Amino acid sequence: MERVILHVDMDAYFASVEQQINPFLRGKPVIVCGNPQTKTVVASASYEAKRQGVRSGMSIPQALSLCPEAVLVPGNPICYAETSRTIFSLLTSFSEEVEIYSIDEAFLDVSSTVHLFGGKESLGLQIKKTILKKTGLSCSVGIAPNKLLAKIAVSLVKPDGLRIIEEKEIPELMLNLPIEEVPGIGPRLASLLSDWGITTCGQIQKLGEEFFVTRFGLRGKILYQAACGLDQSPVIKTPAQPKSIGHSYTLPFNTNDMEYIRAVIFRLSEQVASRMRQSSFYGRVVTVCVRLDDFTTFTRQKKFLPFPPDGHRIYTLAWQIFHSFSLNRKVRMLGISVSELSRDIPGPLFPEEKSRENLFQAIDRLNGRLGANTVFPATFLLEKTVQPPVPKTHSFQFWRFKPSGQTKTPTLP
Amino acid sequence: MITEIGEPVKVAAIFTPDKVKICWFIWKGRRIQVEKTTFFWKTKEGEKTIHHFALSTGQEVFEISFCPEQLSWLLEKIHLE
């Protein structure tokens, strides 16, 4: 049976959702971001904004310098996530083998179902039409013998496109394909290869697999195979056990205020712990990631004896690690993650540990019933209490989340 | 410009087997006729499912939400040009 893999990629997803919600934004350059009064970046840009050079990840001042007439819209991640759920649910009617790749992308293995929908082109068009009819959103579809080529196919025809790559087309396609078009070759690797005079997949093929294996090891082999359009990776229907659980937060302003940084680390630790509790995971490794205001990024991790999904415990371990950094600049972003997850750990041995476990289970049940953050550690309030004043740089009228008031200043443990 | 409101409203809606069509709603004594539902999504608040509607009058866009457990409608936001 011929292997047929389909890649669906929503077009300018967040911006398209906002343009769907508000018809007055249609046809206009739209930038979806966080609160523009803080240090936020472009989360998504409409094609009208992209045409003027705006890209995801760009700072807002830079984006506005390229596109001064852009409309800034605060992101609504819950809406996007729920809409994604709707879209992915629609895809299961075309194949049971659906892999959710990101919030706006999915792979389908339609090898055994493509004939039921009249062939590849017909299937691709039906998927586009179904998503458009249900949500009003357009997508691009790529169909190819493997995931890599299906994703490349999409990148060649975005937005609102459909491209099929047949087996016989692969050699010619890959020969002249720019290396930047290959998933997995990021800007840094592309720049390095460009320094060596390599700008197309054909040039990679000409140098041979051995050349890249010698220089990059296993990654070199994967790079070479990708340049040849080879990819054996399956469409993974059931999410595998996560290797790690983490949360990161770009601070609204660069800071070296240790009290504020501690409060953020505590919140991130509790967020990680909460997700670990959902799957009853214990962890062994804590990783702390710090990005400074010059975008230098440090990551450090440490292995401990297995620890329970307790935010306070994770915070204590993370704070230890954070102290090992020698920071001479302000902090821009913080990230905490826990890895070496396992369920095969005996439960708490000591009464106080058992008591804390019962407490968190009760909190999780309450939040599950009444809504997230119905009950939360009082220490979360500290993040707002010690937050330095935010410089007012824009006269925007909206603020999606109102800081809650507090009557007593909490202190960190 | 988006303005957060968060106020209860009275809504006239037609429920059909697969969708809800909102005809008009009353806010601050003003009856607001809905031209079109531009977007729909659901969220969860604990065990409750909240249904969200983006509504266009032709001049403004309103976001309202419906909680089936409480049978209550809330005007969440107004998008102004």
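Keep in mind that what you see is a predicted model, and the values were worked out from it rather than measured.

A.B. asks: Before we go on, may I ask you to explain the overall build of chain B in this structure?
C.D. replies: Of the regular secondary structure elements, chain B holds 0 helices and 8 strands. Since a compact globule built from 81 residues should have a radius of gyration of about 12 Å, the 12 Å found for chain B is in line with a globular shape. Considering only residue pairs separated by 6 or more positions, chain B has 30% of its internal contacts joining residues 24 or more positions apart. Counting only carbon and sulfur atoms, one obtains 53% of the accessible surface of chain B, whose full area is about 4,600 Å². One finds the centroid of the 11 positive side-chain charges in chain B at a distance of 5 Å from the centroid of its 11 negative side-chain charges.

A.B. asks: Help me out: how do you make sense of the pairing of strand β6 (residues 105-109) of chain A in this one?
C.D. replies: Remember that side chains alternate between the two faces of the sheet whenever the strand is regular. Residue and element names in this part refer to chain A. Counting buried positions along β6 yields 5 of 5 residues, so the element is predominantly enclosed. Where strand β1 (residues 5-10) meets β6, 5 bridges bridge the pair, whose relative direction is antiparallel. Considered in β6, the bridge of H7 is made with F107. As defined by bridge partners, strand β5 (residues 98-102) adjoins β6 across 4 bridges and the pair is classed as antiparallel. By the bridge assignment, I100 is partnered in β6 with A106. Between β5 and the antiparallel strand that follows it, β6, lie 2 residues.

A.B. asks: Just checking my understanding: could you explain the domain arrangement of chain A for this structure?
C.D. replies: Many authors give the size of an interface as the accessible area that is lost as the parts come together. All names here are of chain A. By the assigned domains, chain A splits into domain 1 (1-164 + 389-413), domain 2 (170-227) and domain 3 (244-377). Contacts between the two partners involve 7 residues from domain 1, matched on the other side by 8 residues from domain 2. Where domain 1 abuts domain 2, roughly 640 Å² becomes buried across the two surfaces, and 84% of that area is made up of carbon and sulfur atoms. Three residues, L148, L149 and I152, lead the burial of domain 1 against domain 2; their summed loss comes to 63% of the area buried on that side. Applying the counting rule to domain 1 against domain 2 returns 0 salt bridges.

A.B. asks: Explain the interface of chain B and chain A to me, please; I cannot follow it from the model alone.
C.D. replies: Residue-level contacts link 21 residues of chain B with 27 residues of chain A. Interface of chain B and chain A: buried area, both sides summed, is about 1,900 Å²; carbon and sulfur atoms make up 62% of it. Broken down residue by residue, the surface that chain B buries against chain A is led by I2(B), E4(B) and F39(B), which jointly contribute 30%. Linking chain B with chain A are 1 salt bridge, by the criterion used here. Residue E47(B) pairs with R369(A) through a salt bridge whose shortest N-O separation is 3.7 Å. For the side of chain B that touches chain A, the secondary structure elements donating two or more residues are β1 (2-8), β5 (36-45), β6 (48-56), β7 (61-67) and β8 (72-79) of chain B. The element contributing the most residues to the side of chain B that touches chain A is β5(B), with 6 residues. Tallied by class, the residues present in the side of chain B that touches chain A amount to 6 nonpolar, 7 polar and 8 charged.

A.B. asks: Got a minute to help me understand the nonpolar core in this structure?
C.D. replies: Among soluble globular proteins, nonpolar side chains are generally buried collectively. Counting residues in each nonpolar core, the largest one holds 37 residues, and the members touching the most others are L6(A), V8(A), L91(A), L108(A), I127(A) and I131(A). Elements with a minimum of two residues in this core: β1, α1 (13-21), β2 (30-33), α4 (77-91), β6, α5 (120-135) and β7 (139-144) of chain A together with β5 of chain B. With sequence-adjacent residues up to four places away left out, L91(A) is seen in contact with V8(A), V98(A), A106(A), L108(A), I127(A) and I131(A). If you look at the next biggest cluster of nonpolar residues, it comprises 33 residues, including I245(A), L268(A), V331(A) and V338(A).

A.B. asks: Before we go on, may I ask you to explain the environment of F107(A) in this structure?
C.D. replies: All names here are of chain A. Along the chain, F107 falls in strand β6. Spatially, the C-alpha atoms of F107 and E169 are 21 Å apart, while their sequence positions differ by 62 residues. Other than its neighbours up to four places away in sequence, F107 contacts I5, L6, H7, E97, V98, E99, Y101, K147, K151 and V235.

Rules and cut-offs
- Residues numbered from 1 in each chain as written.
- Chains lettered and ligands numbered in written order.
- Predicted model: local features only at pLDDT ≥ 70, side-chain atom pairs only at ≥ 80, totals over all residues.
- Heavy atoms only, no water.
- Helix = DSSP H or I, 4+ residues; strand = E, 2+ residues; numbered from the N terminus.
- Rg over C-alpha atoms; globule rule 2.2 N^0.38 Å.
- Contact = heavy atoms within 4.5 Å.
- Areas by Shrake-Rupley, 256 points an atom, 1.4 Å probe, with all protein chains shown as cover.
- Lys, Arg positive; Asp, Glu negative; His and termini not counted.
- Charge placed at Lys NZ, Arg CZ, Asp CG, Glu CD.
- Buried < 20%, exposed > 50% of the residue type's maximum accessible area, 1.4 Å probe, protein only.
- Pairing = 2+ DSSP bridges.
- Domains from an automatic or database assignment.
- Buried area = accessible area lost by both parts, 1.4 Å probe.
- Salt bridge = Lys/Arg side-chain N within 4 Å of Asp/Glu carboxyl O.
- Nonpolar A, V, L, I, M, F, W, Y, C, P; charged D, E, K, R; others polar.
- Core = buried A, V, L, I, M, F, W, Y, C linked by side-chain atoms within 4.5 Å.

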